[in-house]
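Here is what each chain is made of, one letter per residue.
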Number of protein chains: 2
Amino acid sequence: MDDLAATNGTSAANDGTGTDGGAAGPAEARGSRAQPKTDKSEQTRALILETAMRLFQERGYEKTTMRAIATEAGVSVGNAYYYFSAKEFLIQGFYDRMTYDHAADARARMAHTRDFAERLEIALTSWLDTAAPYHEFAAQFFRTAADPNSSLSPFSNESHPARATAVELFREVLQGSELAPKLDAELVELLPDVLWLHLMVVVLYWVFDRTEDTERTREFVRRSTPMAARVINLSRYRVFRPIVRDAKGLIQDFILPTIGKTAVK
Amino acid sequence: MDDLAATNGTSAANDGTGTDGGAAGPAEARGSRAQPKTDKSEQTRALILETAMRLFQERGYEKTTMRAIATEAGVSVGNAYYYFSAKEFLIQGFYDRMTYDHAADARARMAHTRDFAERLEIALTSWLDTAAPYHEFAAQFFRTAADPNSSLSPFSNESHPARATAVELFREVLQGSELAPKLDAELVELLPDVLWLHLMVVVLYWVFDRTEDTERTREFVRRSTPMAARVINLSRYRVFRPIVRDAKGLIQDFILPTIGKTAVK
DNA sequence: ACCCTCACTTGAACGCGTTCAAGTCATGAC
DNA sequence: GTCATGACTTGAACGCGTTCAAGTGAGGGT
C-alpha cells in the first residue's frame, strides 16, 4: 500500500531532458535533478514522496504544507525542494502510480470478455475504483493539471509517460474485443486516443461529482459506453463514410497533434 | 475600453443569496458583501476591479499582487479584501464582462445569415476574437475555473449568470437558423446547452493553443462546426431515432443536472 | 450637542510556497 | 594523510495571499 518507491519504474522518465514545450515562458525547472547519484539520494527522495502522499490523503493537498512534509519526513524544507522543485511535482509520482495501478486492474478485470462495450465499461469503472480513495484531494490536483503551463497537464507536455500507459490500455481494450477486426484499420489506429479522451471526460465529470461513492459518474459510464460502442459500430456502414471521414480528419489534424503525436498521414 | 463599471449590470447577481452548492465544505465567503450601501462604496469597488483588470492585462494574473492592485488603486490591501474576498473573485468581473461583450458581438455578426453552421461558426469565432487580448492571462484564469470548489467554475456554482447569458446566445444561434423549425422540439430545447459545451471544448482547446493568433483553434472551429451541423441535421432521419434517444437521455440525465438545471421530464 | 451604529478603511501580522548562501560529508586523486 | 570535488543538506529569509483587531467618520436618534 505504501511502497511508493515502486513508482520509480514509471516516473524515471520525467526529468529535464526534452526541450521546453514551446515559447512557454521563463525556463521552468523540471521535477528534479537529472540522475540520482547515490543510493541515499534515492532513498531520501522516496521518503519525501511517500510522506507527501500520505499527508495528502490525510489532510488534502492544500492543507499539507511543505514544512509539514519535511518535518514528518525528518528532513529540511530546502531538502524537499532539492528533490521536487515545486509542490506540484510531488503529485506526479502519485499520478504515475495511479495510472499504472489502473492499467493493471483493468487488464485483469476485462480479460474474461471480448465484448467491446463491456471491456470499455470495465476499463472506465476500474479507473473510478482505483481513484476512489483520492476523490477529495483529486479536485485540487485537477486544478493543477488544467494549467497549460504545468508539466502535470495531461494535454500539453508531450513526454508524459503516464498518458502513453493509459492510451496503450485503451488500445488493448479495443484490440481484445470482437469489434477490432471488423473496423477500418486507420480507425483502429485512431480510436485508442479517442477512448483516452473519453476517460478524460469521465475524469472531468468525476471531479465535479459530489454524489455518494460518485454514483452519478458510475451511472454515466454505464450509460455512455454502450452508446460509444454503438456509434463506433455504426461507422462500419457505408452511409456514414462522409461523417466518419470528417471525424477522422478532425482527430488527426486537431487532437493527435495537441497531445503530442504527429499525424499518421 | 476601461469602463468596467458597466459590468455591474451583469455581475450584480453574484452575491451571497443562494444556498451553497451542496456539501461543498467549510462555508466559503462569497465575492463580496450582499448590497452596496453607499455610492462611494460602489465607486471604490469599481476602482479596485478596474485597476486589477488593467494590471492583469499588463503583467498577467500571478505576477499581479494584491499589494500592487491596492497601491495602484490608492487603497489598502485590507480594503481590496473587503470588496473581493479573494484574488480570484477579481476575475469574475472580467469573466462576466467578456461574456456580455461576446454575446453582443456574436449577435451583430450572425444577423445576416440563417445558415446554422455559419451562425454557429460566427458565434464561436466571435468568442475567440473577444477573448484574444487575454489569451496569455486566461491560462491562469482557466486553472482557477477548473477547480470544482471555486465559485468561478463554469460547471458547478449553479447561479452563474454568465453561463445563462452564453446559453441564451446559443439558443438564438439555433432559433435564428433555418434548422430549428425542422427539428424535434425537445431536441431544440436541449441543444443550446450542448452548443455551450461545444464552446467549452473550444475554450479548452484555445487555452492550450500556442499557435500564432490561435490559428489552430480557429481552424478547429471552421472544421468542427459544419460537422456539428451535419450531425444535428442527420438526427431528423428515422434511422437515428434510437441513437438520438440515447443521446437525449444522456444529456438530460447527466449533463443538464450537473450544470444546474432540472431535467425537462 | 451628544453619542450610537455600522459601513467602510487601515496596515501589521500570519502562514504559506519558494529561494539561496552557507554549510556537511563521502569519494577519489595525489 | 590531505585535499579538492560535488552531491547532498540546512534553515533563515523573501514575497505572496489572506486575516483581523483597531480604527474612522457620516447619518440619525435623543
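Residues numbered from 1 in each chain as written. Chains lettered and ligands numbered in written order. Predicted model: local features only at pLDDT ≥ 70, side-chain atom pairs only at ≥ 80, totals over all residues. Heavy atoms only, no water.

A. Representation of the overall build of chain A in the model. Along its length, chain A carries eleven helices and zero strands. In chain A, the order of α-helices and β-strands from amino to carboxyl end is α-α-α-α-α-α-α-α-α-α-α. Looking at chain A as a whole, 52% of its 265 residues qualify as buried. Across chain A, the fraction of contacts at a sequence separation of at least 24, relative to all contacts at a separation of at least 6, is 68%. If you sum the accessible surface of chain A, you get close to 12700 Å²; carbon and sulfur atoms cover 54% of it. (Helix = DSSP H or I, 4+ residues; strand = E, 2+ residues; numbered from the N terminus. Buried < 20%, exposed > 50% of the residue type's maximum accessible area, 1.4 Å probe, protein only. Contact = heavy atoms within 4.5 Å. Areas by Shrake-Rupley, 256 points an atom, 1.4 Å probe, with all protein chains shown as cover.)

B. Summary view of the relation of the copies chain A and chain B. Each copy superposes on the other: chain A lies on chain B with an RMSD of 0.1 Å after a rotation of 180 degrees and an axial shift of 0.0 Å. Overall, the copies show the geometry of a two-fold rotation axis. Taking C-alpha positions as reference, the residue of chain A nearest the rotation axis is Arg143(A), located at 2.8 Å. Of all interface residues in chain A, 100% are interface residues in chain B too; the two copies therefore contact each other through one and the same surface. (Least-squares fit on C-alpha atoms with pLDDT ≥ 70 in both.)

C. Molecular detail of the protein's contact with DNA strand C. Residues in contact with DNA strand C amount to 23 residues; listed here are only the nearest, Arg67(A), Tyr81(A), Thr38(B), Ser41(B) and Tyr83(B). Each atom of DNA strand C within 4 Å of the protein belongs either to a base or to sugar and phosphate, the latter forming 60%. Between DNA strand C and Thr64(A), the relevant distance is 3.5 Å, taken from a phosphate oxygen to a main-chain nitrogen or oxygen of the residue. The backbone of Ser76(B) places a nitrogen or oxygen atom 2.9 Å from a phosphate oxygen of DNA strand C. The set of elements that each furnish at least two residues to the surface near DNA strand C consists of helix H3 (66-73) and helix H4 (77-83) of chain A together with helix H2 (39-59) and helix H4 (77-83) of chain B. By residue number, the principal contributor to the surface near DNA strand C is H4(B), which donates four residues. Each residue belonging to the surface near DNA strand C can be placed in one class, and the counts come to seven nonpolar, ten polar and six charged. (Near = heavy atom within 4 Å. Polar contact = N/O pair within 3.5 Å; in protein donor to acceptor, adjacent residues only side chain to side chain. Nonpolar A, V, L, I, M, F, W, Y, C, P; charged D, E, K, R; others polar.)

D. Spatial organisation of the protein's contact with DNA strand D. Close to DNA strand D lie 22 residues; Thr38(A), Ser41(A), Tyr83(A), Arg67(B) and Tyr81(B) are nearest. For DNA strand D, the backbone portion of the atoms within 4 Å of the protein, that is sugar and phosphate, comes to 60%. With respect to DNA strand D, the side chain of Tyr82(A) contributes an N or O atom lying 3.4 Å from a phosphate oxygen. Within the backbone of Met66(B), an N or O atom sits 2.8 Å from a phosphate oxygen of DNA strand D. Of all the secondary-structure elements, those providing two or more residues to the surface near DNA strand D are helix H2 (39-59) and H4 of chain A together with helix H3 (66-73) and H4 of chain B.

E. Quick peek at the interface of chain A and chain B. Each partner contributes residues to the interface: chain A has 37 residues there, and chain B has 37 residues. A combined buried area of about 3600 Å² lies between chain A and chain B, and 63% of that area is made up of carbon and sulfur atoms. It is Arg143(A), Phe208(A) and Phe254(A) in chain A that bury the most area against chain B; as a group they hold 21% of the surface buried on that side. Counting every contact that joins chain A to chain B gives four salt bridges. Its salt-bridge partner being Arg230(B), residue Asp246(A) comes within 2.9 Å of it at the nearest N-O pair. Joining chain A to chain B, the criterion identifies twelve residue pairs in polar contact (both at pLDDT 80 or more). Looking at the side of chain A that touches chain B, the elements that each hand over two or more residues are helix H7 (135-145), helix H9 (185-208), helix H10 (215-234) and helix H11 (241-255) of chain A. If you tally residues by element for the side of chain A that touches chain B, the top one is H10(A), at nine residues. Its residues assigned to classes, the side of chain A that touches chain B shows 20 nonpolar, seven polar and ten charged. (Buried area = accessible area lost by both parts, 1.4 Å probe. Salt bridge = Lys/Arg side-chain N within 4 Å of Asp/Glu carboxyl O.)

F. Seen up close, the packing of helix H6 (residues 116-131) of chain A against helix H8 (residues 161-175) of chain A. All names here are of chain A. H8 packs onto H6 with a crossing angle of 155 degrees between their chain directions and a minimal axis gap of 9 Å. Taken as axis vectors, H6 and H8 run roughly antiparallel relative to one another. Crossing of H6 over H8 shows right-handed handedness. In this structure, H6 contributes Phe116, Arg119, Leu120, Ala123 and Leu124 to the contact, and H8 contributes Phe170, Glu172, Val173 and Leu174. Of the residues that constitute the contact of H6 with H8, the class distribution is seven nonpolar, no polar and two charged. (Axes fitted to C-alpha atoms, helices over the stretch in contact; angles between N-to-C directions. Parallel < 35°, antiparallel > 145°, perpendicular 65-115°, else oblique. Left-handed = near helix turned anticlockwise from the far one by under 90°.)

G. Fine view of the nonpolar core. Ranked by size, the top nonpolar core spans 162 residues in total, and within it Leu90(A), Phe116(A), Phe170(A), Leu90(B), Phe116(B) and Phe170(B) carry the most contacts. Sequence-distant contacts of Leu90(A), defined by excluding residues within four places in its chain, comprise Ile48(A), Leu49(A), Ala52(A), Met53(A), Phe56(A), Met66(A), Ile69(A) and Phe84(A). (Core = buried A, V, L, I, M, F, W, Y, C linked by side-chain atoms within 4.5 Å.)

H. Just the pattern of salt bridges, in detail. A full pass over the atoms with the stated rule returns 32 salt bridges over all chains. Of the charged contacts in the structure, one is a salt bridge between Arg218(A) and Asp213(A), with a shortest N-O distance of 3.9 Å. Of the residues examined, Arg218(A) reaches a relative accessible area of 11% and is grouped as buried. Across the pair Glu189(B) and Arg171(B) runs a salt bridge whose closest N-O atoms are separated by 3.8 Å. In this pair, Glu189(B) is assigned in helix H9 (residues 185-208) and Arg171(B) in helix H8 (residues 161-175), connecting sequence segments 18 residues apart. Note on Glu189(B): relative accessible area 38%, which makes it partly exposed. Each of Asp105(A), Arg109(A), Asp129(A), Asp213(A) and Arg218(A) takes part in one network of salt bridges that share partners.

I. Summary view of the environment of Phe84(B). Tracing the backbone through its elements, the reader meets Phe84(B) in the loop between H4 and helix H5 (89-110). For the pair Phe84(B) and Glu186(B), spaced 102 residues apart in sequence, the C-alpha to C-alpha distance is 41 Å.

J. Structural detail: the side chain of Thr64(B). All names here are of chain B. Here threonine 64 lies in the loop between H2 and H3. Among the polar contacts listed, one links the side chain of threonine 64 to the backbone oxygen of glycine 60, at a separation of 2.7 Å. Setting aside anything within four residues of it in sequence, one finds threonine 64 in contact with Leu55, Phe56, Arg59, Ile69 and Lys87.

K. Structural context of the packing of aromatic side chains. Residue and element names in this part refer to chain A. Applying the stated criterion to the full structure yields 21 aromatic pairs over all chains. Each ring, one from phenylalanine 94 and one from tyrosine 134, has its centre 4.7 Å from the other, and the planes form 80 degrees; the classification is edge-to-face. Of this pair, phenylalanine 94 sits in helix H5 (residues 89-110) while tyrosine 134 sits in the loop between H6 and H7, and the two are 40 residues apart along the sequence. Residue class for phenylalanine 94 comes out buried when judged on its relative accessible area of 6%. A residue is classified by how much of its surface remains accessible, and tyrosine 134, at 15% relative accessible area, is buried. An aromatic cluster is defined as three or more aromatic residues linked by ring pairs; in this entry it consists of Phe56, Tyr61, Phe94, Tyr134 and Phe137. (Phe/Tyr/Trp six-rings, centres within 6.5 Å; stacked < 30°, edge-to-face > 60°.)

Function-wise, these values are silent; they only describe arrangement.
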